[in-house]
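Read off the chains here:
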Amino acid sequence: MAPSFSDIVEEARLSARALFDYGDSFFNPTVRLGVTGLSRAGKTVFITALIHGLTRGGRFPVFEPYATGRIARARLEPQPDDAVPRFDYENHVRTLIEERRWPSSTVDISELRLVIDYQRQNGADRTLTIDIVDYPGEWLLDLPLLNKSFEQWSAESLALSREGPRAKLAAPWHEQLKTLEPDGRENEQATLAAAKLFTDYLRACRDERFAMSLLPPGRFLMPGNLAGSPALTFAPLDVAPEASAPDGSLWAMMRRRYEAYKDVVVRPFFRDHFARLDRQIVLVDALAAFNAGPEALHDLEAALSGILDCFRIGRGTILSSLFRPRIDRILFAATKADHLHHQSHDRLEAVLRRAVAKAAGRAEYAGAAIDVVALSAVRATREAQVARGREKLPSIIGTPAPGETANGEAFDGETEVATFPGDLPADPEELFNGGFRGLSSTASEQADFRFLRFRPPLLERTVNDEPALPHIRLDRALQFLIGDRLQ
């Protein structure tokens, strides 16, 4: 598709912004690190643990510049973007340590600036600025809309809604859709009803029983200050992908609002934030897909492929830094590794590697470095061997969150339990071939996997009264994402 005039203008604006950023970074070396993931993947916890560990003395044996003492100190400084909310690190730490609750999920973009004073391997003293950009992964899934017409998006959304568990969840919206006349006069009430039912369908897909990931438009589930605006009041129509909408019709009204959504929501996010990133970590809650069933796992695979296709990837050069910034390192992280015994961590990584294999191959061909890791930014459990008859099962011990249930027992949020989470198969293809049962098709007692949600751990105070947050492979993630910039 030939670029439109608006696309050319947008590219010019991006190049101008890139040139400004490059000039600033020339005197103040800076890495813009994007942190994203789909709902409940642990973005807020990851950033909080990263900052706390670097500024308060965490245990990072694999993060070479920290482990060898070349990092003199890390400190927070005021963020540079006045129009972007600050990541509320202090309150998130308090929630984790004092209240033993997980911080609220990311619903909007936020930033935080971390400055690291370090010594290079040649002995020279240097400073590196890390601008951490936290944004919902659902927003990434909106970026492909920039290259799709309303009619194309409608056809794809309807086709997807008629597959597997989605078909039942979409039934009320489909019934209302049958009553709409796309060629008829525009109708505000019919549009409001369609948008509500479509949003209800997206919200139902995200329920833990189904754990679907491919749910654009992302702002329908987290509207923020755009709630109720025309830019968020539209829905797919059953129209031919190549047809044209009559003037003044319901179809034309929906199309106009779809285009407004791209102009008001998607393009500004791409221009002002996404296109400026240097490094990226994508957090993935694969365990939620295991809980839900094979359909959720395949949906997650499609979502991750779509996310990776959105990135401007490639080996960074001076020319690209000046005019077309690229992401040259992407880390996919399977979170909540502490919900599995360490014997299954390699298998969890293998599942995630399989899910991103095709898209990762294209990224590596373009010159970007891709890696996969199973981690837990804040470890909520510990391991033990539990006897069951003559058999000893590799188990985990932790405090389930209030309201969690297993085998008919409801937990109060105060009692520790030992649980055997189950073993992941050695060959990830067994999962992708549908060889397991999840909550979307069977009762909790018959599901092959049932991963509970645990409260943050009860931490012991250290000598300086600053408790260290236990983790699994957070240091490995840091080494991949910024270790080369601290050599």
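Notes on the structure follow. (Residues numbered from 1 in each chain as written. Predicted model: local features only at pLDDT ≥ 70, side-chain atom pairs only at ≥ 80, totals over all residues. Heavy atoms only, no water.)

Things to note about the overall build of the protein
Scanning the protein for helices and strands turns up 17 helices and twelve strands. What you see for the protein is a C-alpha radius of gyration of 23 Å, in line with the 23 Å of a compact globule of 487 residues. By principal-axis analysis of the C-alpha atoms, the protein measures approximately 70 × 65 × 40 Å. Within the protein, the proportion of its 487 residues that are buried is 53%. Taking all contacts inside the protein whose residues are at least 6 apart in sequence as the whole, residues at least 24 apart take part in 75%. Between the centroid of the 60 positive side chains of the protein and the centroid of its 68 negative side chains there is a distance of 2 Å. (Helix = DSSP H or I, 4+ residues; strand = E, 2+ residues; numbered from the N terminus. Rg over C-alpha atoms; globule rule 2.2 N^0.38 Å. Buried < 20%, exposed > 50% of the residue type's maximum accessible area, 1.4 Å probe, protein only. Contact = heavy atoms within 4.5 Å. Lys, Arg positive; Asp, Glu negative; His and termini not counted. Charge placed at Lys NZ, Arg CZ, Asp CG, Glu CD.)

Points about helix α6 (residues 150-161)
Compared with the 16 Å implied by 1.5 Å per residue over twelve residues, the 16 Å span of α6 between its first and last C-alpha is a close match. Close packing links the buried residues of α6 with α7 (166-169), α8 (171-178), α9 (188-205) and α10 (250-272). (Expected span 1.5 Å × (residues − 1).)

Focus: the packing of aromatic side chains
Here the structure, examined in full by the defined rule, presents 23 aromatic pairs. Aromatic side chains Phe198 and Phe220 sit 5.8 Å apart centroid to centroid with 80° between the ring planes, which places their arrangement in the edge-to-face category. Here Phe198, found in helix α9, pairs with Phe220, found in the loop between α9 and α10; they are 22 residues apart in sequence, far enough to count as distant. Judged by its relative accessible area of 1%, Phe198 is buried. Under the relative-accessibility criterion, Phe220 is labelled buried at 4%. Ring centres 5.9 Å apart and planes at 40° place the aromatic pair Phe270 and Phe274 in the tilted group. By the burial criterion, Phe270 is buried, and Phe274 matches it. By way of ring pairs, the aromatic residues Phe150, Trp153, Trp173, Phe198, Tyr201, Phe220, Phe234, Tyr258 and Tyr261 are connected into one cluster. Looking at Arg329, its charged tip hangs above the ring of Phe480, at a distance of 5.2 Å from the centre. Sitting above the plane of the Phe432 ring, Arg354 keeps its charged end 4.1 Å from the centroid. (Phe/Tyr/Trp six-rings, centres within 6.5 Å; stacked < 30°, edge-to-face > 60°. Lys NZ or Arg CZ within 6 Å of the ring centre and 35° of its normal.)

Examining the pattern of salt bridges
Counting across every chain of the model gives 36 salt bridges. The partner of Asp200 in a salt bridge is Arg203, and the shortest N-O contact between them spans 3.5 Å. In this pair, Asp200 and Arg203 are both assigned in helix α9, three residues apart and thus about one turn of the helix distant. Relative accessible area serves as the criterion here: at 30%, Asp200 is assigned to the partly exposed category. Since its relative accessible area comes to 42%, Arg203 is described here as partly exposed. (Salt bridge = Lys/Arg side-chain N within 4 Å of Asp/Glu carboxyl O.)

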